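Here is what each chain is made of, one letter per residue.
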Amino acid sequence: MAEKKQGFNAEQERMLEKWQVPRKYYEMIEDLSYTKDEGYFIYLKKGYRNDVTGSRNIHCMKTSEVRRIIGKTHKR
């Protein structure tokens, strides 16, 4: 399996701003996406962990959940 790219593009940065994710978490994020049917996905860089999910992945349906859950992210 190919290694995922590091960092995100300008469109994804605009998405984070729209979701009101605090800028201090940007350096922890490897990739992110949104679909109406499946919700919000945030994939953390290697070495980071989210206490709510117990992994490097965050998946939720509301922007308020994105902000709440990202706040529980830290270096391992």
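Residues numbered from 1 in each chain as written. Predicted model: local features only at pLDDT ≥ 70, side-chain atom pairs only at ≥ 80, totals over all residues. Heavy atoms only, no water.

Caption draft 1: Broad picture of helix H2 (residues 63-70). Turning to H2, its buried residues are Val66, Ile69 and Ile70. With its buried residues spanning 95° around the axis, H2 presents them on a single face. Check the buried side of H2 and you find it contacts helix H1 (10-19), strand E1 (29-35), strand E2 (39-44), strand E3 (48-50), strand E4 (57-60) and strand E5 (73-75). (Buried < 20%, exposed > 50% of the residue type's maximum accessible area, 1.4 Å probe, protein only. Helix = DSSP H or I, 4+ residues; strand = E, 2+ residues; numbered from the N terminus. Arc of directions from axis to C-beta. Contact = heavy atoms within 4.5 Å.)

Caption draft 2: Main features of the pattern of salt bridges. For the structure shown, the criterion picks out three salt bridges. A salt bridge links Glu13 to Arg23; the nearest nitrogen and oxygen atoms lie 3.1 Å apart. Pair noted here: Glu13 is in helix H1 and Arg23 is in the loop between H1 and E1, with a separation of ten residues, a long-range link. For Glu13, a relative accessible area of 26% puts it in the partly exposed group. Salt bridges sharing partners connect three or more residues here, namely Glu13, Glu17 and Arg23. (Salt bridge = Lys/Arg side-chain N within 4 Å of Asp/Glu carboxyl O.)

Caption draft 3: Representation of unusual backbone geometry within the structure. The backbone of Gln20 sits at a positive phi, close to 60°, despite the residue not being glycine. Residue classification places Gln20 among the exposed positions, given a relative accessible area of 53%.

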